[in-house]
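What the coordinates show
The primary structure of each chain is shown beneath.
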Amino acid sequence: MDVSFTNSREEVAAAKRVETDWAALSTGQQIRSLEVDGYVVLPDLLSAEQIVGIRAELTRLPTQGTDYSEHQRGFSGVQWTDSPNAISVIALPAMIAFLERLFGDELICTSCTYAVSQPGHPGIAIHTDAQPYGSKIFGLGASSPCLVRVLYYLDDLTPEHSPFKVIPGSHLSLHADGNPYRRYLSHEDEVLVTCRAGSAVIINQKVFHANYPNFSDTDRHLLAIAYRPAWAGPIGEVPDYDPKQVQTLPENIRPLFRSLNTQKIDYDLPNRPDNMARSAPGISPRRYE
């Protein structure tokens, strides 16, 4: 296993930085960024008070190191813990409103995880979260054809503080280099994304992304929540949520935890079904306006 640093300090200092004024984007422009570039930043969604409460809850959780570094640690299933501030973020109104417009469908939350990149973290390898046939790492849940992951940063991202890394537009490639099972240590066209604590980076699961090493002297905390539209189920049955556990969630959170095997498709679709529509705003170029 390659456990080397993805980038040196000098490479991070020289990395191409994204200078977009994210706060100035309209909703249509945000959707365009997510669909075309593969990611978008929604700034300042969490208040300083919310961040303090969420961090206090998450730092109590028993994290585990990854197989390539003890300095990259995580905990899965935050929604089942005594973390009311963190759990409330799953149904954050501003995010839910954006995702409902993006998907035009009912939402299903497929995961809620906590990750911390400690000083000495060597950087995550460039990868995708899309595994169309499933995988040992992600299981069949990653075979959903349409999914986004929302990364809420609980610390300011600076170039030294394990910032987000992405290869814009990489999810659109039809080349073998875009095989979603490929991984890269670094890439000449990767870009470095910074933002303030409380901001969220939303990624298309198919985009190649990662994070840079943590060359700072403090931990970088992250709450990651994945959502998919109800139609986009996995290719096979996956272990489902325990209905009794779902009932322990706040009432406004429960609708987001319907069955992970929900799949609203018509497998027996004919060539010319009755009553076909003549308009579909969700696939119109005007959705970016």
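Quick note: structure is the one above.
Summary of the structure given here. (Residues numbered from 1 in each chain as written. Predicted model: local features only at pLDDT ≥ 70, side-chain atom pairs only at ≥ 80, totals over all residues. Heavy atoms only, no water.)

Once that is clear, we can look at the pairing of strand E9 (residues 200-204). Sheet faces and side chains relate simply in a regular strand, where the side chains alternate between the two faces. With 5 of 5 residues buried, E9 is to be regarded as a mostly interior element. Neither face of E9 is open: one carries Ala-200, Ile-202 and Asn-204, the other Val-201 and Ile-203, and all of them are buried. Pairing of strand E2 (residues 39-42) with E9, which is carried by 4 bridges, proceeds in the antiparallel orientation. Residue Tyr-39 lies in a different strand from E9, and its bridge partner there is Ile-203. Bridge count between strand E6 (residues 148-153) and E9: 5 bridges; the pairing is antiparallel. Its bridge partner lying in E9, Val-150 is registered against Ile-202. (Buried < 20%, exposed > 50% of the residue type's maximum accessible area, 1.4 Å probe, protein only. Helix = DSSP H or I, 4+ residues; strand = E, 2+ residues; numbered from the N terminus. Pairing = 2+ DSSP bridges.)

Our focus in this paragraph is the nonpolar core. Where a protein is soluble and globular, its nonpolar side chains tend to be buried together. Formed by 65 residues in total, the largest nonpolar core has its most connected members in Ile-90, Tyr-152 and Phe-164. Considering each element in turn, this core owes the most residues, 7 residues, to strand E5 (residues 107-117). Every residue in contact with Phe-164, bar those within four places of it in the chain, is listed here: Tyr-39, Leu-151, Tyr-153, Leu-157, Val-191, Leu-192, Val-193, Val-201, Ile-203, His-209, Ala-210 and Tyr-212. Listed in part, the 6 residues of the second largest apolar core include Ile-126, Ile-167, Phe-208 and Ala-210. (Core = buried A, V, L, I, M, F, W, Y, C linked by side-chain atoms within 4.5 Å. Contact = heavy atoms within 4.5 Å.)

So, on to the sheet that holds E5. With respect to topology, 7 strands assemble into an open sheet ordered E2-E9-E6-E11-E5-E4-E3, the strand pairing being antiparallel. Of all strands in the sheet, those with a lone pairing partner are E2 and strand E3 (64-65), marking the two edges. Direction of pairing for E5 relative to strand E11 (residues 220-229): antiparallel, over a ladder of 10 bridges. Across the sheet, Ser-111 pairs through a bridge with Ala-226, a residue of E11.

Now for the sheet that holds strand E8 (residues 191-193). Taken together, the 4 strands give an open sheet; going across it, the order is E1-E8-E7-E10, and neighbouring strands pair in mixed fashion. A single partner strand is all that each edge strand has here, and the edge strands are strand E1 (16-17) and strand E10 (209-211). Relative to E10, strand E7 (residues 164-166) runs antiparallel, the two being bridged by 3 bridges. For Lys-165, the partnering residue across the bridge sits in E10 and is Ala-210.

Once that is clear, we can look at the pairing of E11. Most of E11 is tucked away: 10 of the 10 residues are buried. Inspection of the sheet shows E6 paired to E11 by 6 bridges, in the antiparallel sense. Within E11, the residue paired with Tyr-152 across the bridge is Leu-223.

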